[in-house]
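Now for the letters of each chain:
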Amino acid sequence: MKNKNNDGLNRRDFLSKASLAFGSIMIVPRHVLGGKRPDGSSYLAPSDVLNLGFIGTGKQGRGLSNSFLSTGQVRISAISEVYQAKANLFLDRVKENYAKNPSWGAYAAIPVYQDYRELLASKNVDAVVIATPDHWHAAMAVRAAEAGKDIYCEKPLSLTVKEGRAMVNAARKHKRVFQTGSMQRSWPEFRQAVELIRNGYIGEVKSIKVNVGPPPEAYQLPAQSIPEGLDFEKWLGPNEAVAFNTELAPPITQDVFPNWRKYKEFGGGGMTDWGAHMFDIVQWALDMDQSGPVKVSAPHGKDQPYLTYTYANGITMTHQPWEWNSGVEFVGTEGTLRSARKKLETSKPELKDRVIGPNEKHVYKSENHYVDFIQAIRNRTMPICDVEVGHRTASVCNIGNIAYAVNKSLEWNPKSEKFNDADANALLGRKLNKTWGIKI
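As annotated in an unreviewed UniProt entry, the chain is Gfo/Idh/MocA family oxidoreductase from Aquirufa ecclesiirivi.

The following block contains the structure:
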């Protein structure tokens with residue numbers, strides 16, 4: 001027979017540790033304390049399957065559905081999509097995956113909402129996966145937090161710095177678990193690179209090169225007919241009206257990532273699309289997840305041919321092409337390290353597979369970005385790429401785009417999240433319409 005006093009002590013010890021895991025931000029698991037969600041439904045128990053709502057069911061959303069279902073710990077309980085053909089394709093793919101994987105259980109009908117706010121109102125949704133174009137991220141994530149849903153949001157986290165901060169504030173206020181979709185943080189080659197750098201294996205880092213695509217351009221594509229089944233007004237959401245072009249929302253016959261990301265009204269160009277991955281590895285390696293650089297300078301003549309960031313400790317980082325596309329090179333006082341997907345190269349070859357000892361510096365270890373999110377929901381703890389982390393990385397990308405736009409050398413204050421320049425500060429946010437926008 002169990003000793004009730006010991007049980008009580010163990011429970012208090014657990015509650016204390018659970019509270020400390022997230023500092024003053026996080027909450028103790030409600031399935032331990034009892035109680036209800038803001039929408040009146042019960043909180044998830046550790047053994048329960050997680051009900052996910054997918055907002056955005058295009059190419060990225062379809063890939064994420066497989067990644068989450070493959071964990072064996074979720075069911076997709078609702079989707080929201082403004083393009084009927086993409087919703088149908090998503091449902092067909094999910095059905096096919098269930099048929100191929102009997103261990104997932106039986107496929108159940110999934111309701112489809114054109115207005116994502118109806119999905120957020122559902123008591124049958126524990127958490128949402130936001131896989132829409134970037135211009136929608138902040139409005140959806142803030143409303144999801146207000147609805148009491150935990151959130152997985154694709155990278156780059158936000159289109160502007162102010163929108164990113166609004167997402168952080170909402171997640172903290174409503175005590176939501178929030179994973180940014182920067183899945184490279186759960187890949188071994190990048191974790192190894194980060195731990196080698198943090199433990200000084202290339203000495204003191206002096207400079208960094210990041211090779212990702214260019215900044216965005218203004219949207220000026222010619223008008224085309226809006227396809228049947230697409231509510232383009234809802235696709236635009238908080239944005240001002242523009243003419244439709246299939247580059248924004250290609251038909252399902254084209255299995256491609258759409259080019260909305262090239263245009264500043266909807267994305268941040270290659271600077272945010274790939275930069276959200278590669279600048280993220282720099283932020284992680286330099287232990288800057290709660291901060292960022294203090295200066296960013298536009299290219300200026302032969303003396304400074306590339307966009308250049310400077311951190312408070314003097315480390316410089318340039319946005320420039322070199323041999324590895326979508327890669328990062330760290331130059332230290334005792335060697336160099338290059339990192340990209342499935343690639344890790346060091347000037348001292350023995351470092352590549354160096355085992356980092358138990359008494360050395362280690363970073364948070366996640367081996368599956370989707371399982372990590374699910375575990376964080378169950379435990380009410382921070383996932384590997386919390387909203388603040390995603391916001392700080394997106395900010396690095398966004399302030400770089402601002403420096404390109406104003407063509408200046410700018411001082412940046414990571415605490416106040418402001419420049420020393422009025423023209424640059426004017427670009428930290430944007431106008432959102434009253435129907436779909438949020439206050440930023």
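Draft legend 1. Spatial organisation of the sheet that holds strand E4 (residues 127–130). An order of E3-E2-E1-E4-E5-E6 is seen for the six strands of this open sheet, with the pairing classed as parallel. Either end of the sheet is taken by a strand with one partner, and the two such strands are strand E3 (112–113) and strand E6 (178–180). Where E4 and strand E5 (residues 150–153) come together, four bridges link them in parallel fashion. If you follow Val129 over to E5, its bridge partner there is Tyr152. Set on the sheet, helix H12 (residues 369–379) makes contact with strand E1 (50–55), strand E2 (74–80), E4, E5 and E6; between it and E5 the angle comes to about 165 degrees.

Draft legend 2. Examining the pairing of strand E13 (residues 343–346) more closely. The alternating pattern of E13 places Leu344 and Thr346 on a buried face and Lys343 and Glu345 on a face that is not buried. Relative to E13, strand E12 (residues 335–340) is paired through four bridges, and the arrangement is antiparallel. The residue of E13 that forms the bridge with Leu337 is Thr346.

Draft legend 3. Geometry of the pattern of salt bridges. Counted under the stated rule, the structure contains 26 salt bridges. Put simply, Asp255 and Lys59 hold a salt bridge, and the shortest N to O gap is 3.1 Å. Placement of Asp255 in the loop between helix H9 (232–236) and helix H10 (269–273) and of Lys59 in helix H3 (residues 59–69) is noted, with a sequence separation of 196 residues between them. Of the charged contacts, one joins Arg338 and Glu323 as a salt bridge, the two residues approaching to 3.2 Å between their closest N and O atoms. With Arg338 in strand E12 and Glu323 in the loop between strand E10 (316–319) and strand E11 (327–332), this residue pair connects regions lying 15 residues apart in the sequence. Overall, Arg338 belongs to the buried group, its relative accessible area being 14%. Through salt bridges that share partners, Lys209, Glu323, Glu329, Arg338 and Glu345 make up one connected network.

Draft legend 4. Broad picture of the side chain of Thr346. Mapped onto the elements of the fold, Thr346 is located in strand E13. Within polar-contact distance, the side chain of Thr346 engages the backbone oxygen of Lys348 at 2.7 Å. Setting aside its immediate chain neighbours within four residues, Thr346 contacts Leu196, Thr336, Leu337, Leu351 and Lys352.

Draft legend 5. View of the sheet that holds E13. Spatial ordering of the open sheet is given by E13-E12-E11-E7-E10-E9-E8-E14-E15, a layout of nine strands whose pairing is mixed. Of all strands in the sheet, those with a lone pairing partner are E13 and strand E15 (418–419), marking the two edges. Bridge count for strand E7 (residues 205–211) against E10 is four bridges, and the pairing is parallel. If you follow Val210 over to E10, its bridge partner there is His319. Along the sheet, helix H13 (residues 387–406) contacts strand E8 (295–297), strand E9 (307–310), E10, strand E14 (409–413) and E15; its crossing angle with E9, the most-contacted strand, is approximately 130 degrees.

About the criteria used
- Residues numbered from 1 in each chain as written.
- Predicted model: local features only at pLDDT ≥ 70, side-chain atom pairs only at ≥ 80, totals over all residues.
- Heavy atoms only, no water.
- Pairing = 2+ DSSP bridges.
- Helix = DSSP H or I, 4+ residues; strand = E, 2+ residues; numbered from the N terminus.
- Contact = heavy atoms within 4.5 Å.
- Axes fitted to C-alpha atoms, helices over the stretch in contact; angles between N-to-C directions.
- Buried < 20%, exposed > 50% of the residue type's maximum accessible area, 1.4 Å probe, protein only.
- Salt bridge = Lys/Arg side-chain N within 4 Å of Asp/Glu carboxyl O.
- Polar contact = N/O pair within 3.5 Å; in protein donor to acceptor, adjacent residues only side chain to side chain.

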